[in-house]
Amino acid sequence: MLLAVDIGNTTIGFAVINKSGHIVSSAVVDTDAKSAKIKAVVAKILKAHPISKVIICSVVPKASKTMEDILKKTVPVDIIGRDIIVPIKNRYKNPKQVGQDRLVGAYGAMKIYGRPLIVVDLGTAITFDVISPRGEYLGGAIVPGIRLSAESLFLKTALLPNIEIQAPQHIIGKTTQESMLSGLFYGYGSLCKGMIDLLSVSLRGTSKASDEAISVKVVMTGGHTHLMKKFVSPQIRIIDEDLVFKGIYFLSH
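Residues numbered from 1 in each chain as written. Predicted model: local features only at pLDDT ≥ 70, side-chain atom pairs only at ≥ 80, totals over all residues. Heavy atoms only, no water.

Draft legend 1. Looking closely at the sheet that holds strand 6 (residues 89-90). In space, the six strands of this open sheet follow the order 6-9-8-7-10-11, with mixed pairing throughout. Edge strands, defined here as strands with exactly one partner in the open sheet, are strand 6 and strand 11 (238-239). Of the pairings in the sheet, the one linking strand 6 to strand 9 (residues 136-144) comprises two bridges and is parallel in character. Across the sheet, the residue bridging to Asn 90 is Tyr 137, located in strand 9. This element, helix 3 (residues 100-113), spans strand 6, strand 7 (117-122), strand 8 (125-131), strand 9, strand 10 (217-221) and strand 11 of the sheet and lies at about 125° to strand 9. (Pairing = 2+ DSSP bridges. Helix = DSSP H or I, 4+ residues; strand = E, 2+ residues; numbered from the N terminus. Contact = heavy atoms within 4.5 Å. Axes fitted to C-alpha atoms, helices over the stretch in contact; angles between N-to-C directions.)

Draft legend 2. Region of interest: the layout of surface pockets. In this structure, the largest pocket spans a volume of roughly 1,100 Å³. Taken together, 40 residues form the lining of the largest pocket, with Asp 6, Thr 11, Gly 123, Gly 222 and Gly 223 sitting closest to its centre. Only strand 2 (11-17), strand 3 (23-30), helix 3, strand 7, strand 8, helix 4 (146-156) and helix 7 (243-251) provide two or more residues apiece to the lining of the largest pocket. For the lining of the largest pocket, the per-class residue count stands at 14 nonpolar, 17 polar and nine charged. (1 Å grid on protein atoms, 1.4 Å probe; cavity = no way out; pocket = protein on both sides within 12 Å on 5 of 7 lines; lining within 4 Å. Points joined across faces, edges and corners; volume = space filled by probe spheres on them. Nonpolar A, V, L, I, M, F, W, Y, C, P; charged D, E, K, R; others polar.)

Draft legend 3. Region of interest: the pattern of salt bridges. Summed over all chains, the structure comprises 10 salt bridges. With a closest N to O distance of 3.0 Å, Asp 69 and Lys 65 form a salt bridge. You can see Asp 69 and its partner Lys 65 sitting in helix 2 (residues 61-71), four residues apart, about one turn around the helix. Here Arg 91 ties to Glu 136 by a salt bridge, and the two come within 2.8 Å at their closest N and O atoms. Of the two residues, Arg 91 is situated in the loop between strand 6 and helix 3 and Glu 136 in strand 9; the sequence distance between them amounts to 45 residues. (Salt bridge = Lys/Arg side-chain N within 4 Å of Asp/Glu carboxyl O.)

Draft legend 4. Region of interest: helix 3. Under the 1.5 Å per step criterion, the end-to-end length of helix 3 is 20 Å for 14 residues, consistent within 8% with the ideal 20 Å. Burial analysis of helix 3 places 10 of its 14 residues in the buried class, which makes it a mostly covered element. Within helix 3 the residues assigned to the buried category are Gln 100, Arg 102, Leu 103, Val 104, Gly 105, Ala 106, Tyr 107, Gly 108, Ala 109 and Met 110. Positive backbone phi, approximately 90°, marks Gly 114, located one or two places after helix 3. (Expected span 1.5 Å × (residues − 1). Buried < 20%, exposed > 50% of the residue type's maximum accessible area, 1.4 Å probe, protein only.)

Draft legend 5. Main features of the sheet that holds strand 4 (residues 53-58). Strands sit in the order 3-2-1-4-5 across an open sheet of five strands; the sheet is mixed. Every interior strand has two partners, whereas the edge strands, strand 3 and strand 5 (77-79), have only one. The sheet shows a mean angle of 15° between the axes of neighbouring strands, direction not considered. With six bridges connecting them, strand 1 (residues 2-7) and strand 4 associate as parallel partners.

Listed below in structure tokens is the structure:
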């Protein structure tokens, strides 16, 4: 079996994937957790499943090295970007600036859902990634994520509290906490809709076909997907929280 490891700025995700591409087990640990805790999670996975290969997708170099050091004595480890190159034409001015998670997610989405498409990843940062009708990674947009915005409000203001991230009950907040949650969820929902509209228009402009002939798919993924899906644009009909893991699976072949 394959162990796919997705190292983000906030959490490290593990997925055990069988030969058919199905996730049979998963786990999550904080990226800044102590090494002993990470080792314990890894040991539990290796004990429970016959892992033959590990592929790591990471945006945190220090954590990548720690993870590789923990695993390489037991099982072969490949790191995306170093050992495995995502087979997608990268149109960034400096291709090295694109996070591997963005490329892997875009590649996985293209393999599953076709093209052209926009991938919206609701993580520590919210990223919008655009794939052309020809299957090229064109680039996208980045904004601070929900938790990051909430923490910034708490740290940079005198009176706003440190709130728990949960879906608001009403759009008009009656308390400071309710108002912050409304701003975060309905605000980011509107942001997503606006960005998708703008990116879709721009994406259609990259094709020689008429606008009517271009159907842009929109895929949403990331850690806050389950909380945000009712607040985002109805254009987002595809929800796939395991998109990066699926992309890693495709890269393992």
